[in-house]
Number of protein chains: 2
Amino acid sequence: MDALGDGTRRQILERLRRGPMAVGELAQGLPVSRPAVSQHLRVLKGAGLVAERRDGTRRLYRVDTDGLAEVREYFESFWADVLAAFEAAAEAEAEMEDE
Amino acid sequence: MDALGDGTRRQILERLRRGPMAVGELAQGLPVSRPAVSQHLRVLKGAGLVAERRDGTRRLYRVDTDGLAEVREYFESFWADVLAAFEAAAEAEAEMEDE
DNA sequence: CCAGTGCGTAAGTTGCCACTAACGGTAAGT
DNA sequence: ACTTACCGTTAGTGGCAACTTACGCACTGG
């Protein structure tokens, strides 16, 4: 979750959104050098958000479905709580007007 | 979205999860000073993730439902793309074994 | 009107992190 | 074996952002 803080890392995930990609291809089009991309990929991998697969000298990275699912579930439960609190507040305000 | 990068800000949102809270009450229990909390709240407000309501000398903060909904929608579309790419890759691999 | 409370803001400092440059390592082609 | 392509790692640096301290403002009660 902390890995989503950096803008470049979000750009990387955005480029991996539709399918796997190699590191060089990934760095091509990003405003940073290739080693920087490697470092970001290490962070993302440590966070369980991406996974790698070797293909000759290249390494193909893809978004890790399991890791993203965890973030998604946390987000959904958070959203549910916030929505419940919002509706409870609206109902409490409605009762105020009745008195 | 960039506002979710900091851990303290996520703690603040976590404390606002079940309902509104004042700034002092919010800072109480966090490992940082009250002005630091104010600065974080300003960032979160700029990102549209929280909203304030004055109550005497106090200011009650709550999670902004609309702002959070935007982040949620982006997340859902991202999740849909990743899942589609994953299933497409699995299907392509299944065809490989047929040949 | 005068404390006291509850916050926001400005200024200044420190620590961390994203970045580049240089190097080393592995796989494939000739 | 030599070369080339592709990538990870390390060391070192610069800039930014989160933090504290000090100050000023708005509101409330006496």
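Our subject is the structure listed above.
What counts as what
Along every chain, residues carry numbers that run from 1 in the direction the sequence is written. For naming, the first written chain is A and the first written ligand is 1, with later ones following in the order written. Local features are withheld for residues below a pLDDT of 70 in this predicted model, meaning they are given only at 70 or higher, and side-chain atom pairs are given and counted only at 80 or more; totals for whole chains, interfaces and linings count all residues. Values shown for side chains rest on all heavy atoms present in the structure; no hydrogens or waters enter the calculation. In this text, helices come from DSSP runs of H or I with a minimum length of four residues, and strands from runs of E with a minimum of two, each type numbered from the N-terminal end. Our radius of gyration looks at C-alpha atoms and nothing else; its globule reference is 2.2 Å times the residue count to the power 0.38. Exposure is judged per residue with a 1.4 Å probe applied to protein chains only, and the accessible area is read against the type maximum: over 50% gives exposed, under 20% gives buried, and values in between give partly exposed. Two residues qualify as a contact provided that any one of their heavy atoms is within 4.5 Å of a heavy atom in the partner residue. The working definition used for a salt bridge is a side-chain nitrogen of Lys or Arg within 4 Å of a carboxyl oxygen of Asp or Glu. Pairs of N or O atoms are called polar contacts if they sit within 3.5 Å, as long as, within protein, a hydrogen donor faces a hydrogen acceptor (for residues adjacent in sequence, only side-chain-to-side-chain pairs). It is the directions from the helix axis to the C-beta atoms whose arc is reported.

Student: What is the right way to look at the overall build of chain A in this model?
Tutor: Secondary structure summary: chain A contains 4 helices and 3 strands in total. Secondary structure elements of chain A occur, N-terminal to C-terminal, as α-β-α-α-β-β-α. Against the globule reference of 13 Å for 99 residues, chain A gives a C-alpha radius of gyration of 20 Å, more extended than a compact globule. Principal axes of the C-alpha set define a box for chain A whose edges measure 75 × 25 × 20 Å. Considering chain A as a whole, with its 99 residues, one finds that 40% of them fall into the buried category. Taking as baseline every contact in chain A between residues at least 6 positions apart, the subset at least 24 positions apart corresponds to 40%.

Student: What exactly am I supposed to notice about the interface of chain B and chain A here?
Tutor: When the parts of a complex come together, some accessible area is lost, and that lost area is often taken as the interface size. Contacts between the two partners involve 28 residues from chain B, matched on the other side by 27 residues from chain A. Inspection of the chain B/chain A interface yields 8 salt bridges. There are 12 residue pairs in polar contact (both at pLDDT 80 or more) connecting chain B and chain A. For the side of chain B that touches chain A, the elements supplying multiple residues, two or more each, are α1 (7-15), β3 (58-63) and α4 (65-98) of chain B. Per-element tally for the side of chain B that touches chain A: the top contributor is α4 of chain B, with 16 residues.

Student: Where do I start with helix α1 (residues 7-15) of chain A in this structure?
Tutor: Three- or four-residue spacings in an α-helix give side chains the same orientation, since the helix completes a turn every 3.6 residues. Residues and elements named next belong to chain A. Within the span of α1, buried status applies to Thr8, Arg9, Ile12 and Leu13. Down the axis of α1, the sector holding all buried residues measures 145°, keeping them to one side. Of the residues flanking the start of α1, the one acting as N-cap is Asp6, its side-chain oxygen 3.1 Å from the backbone nitrogen of Thr8.

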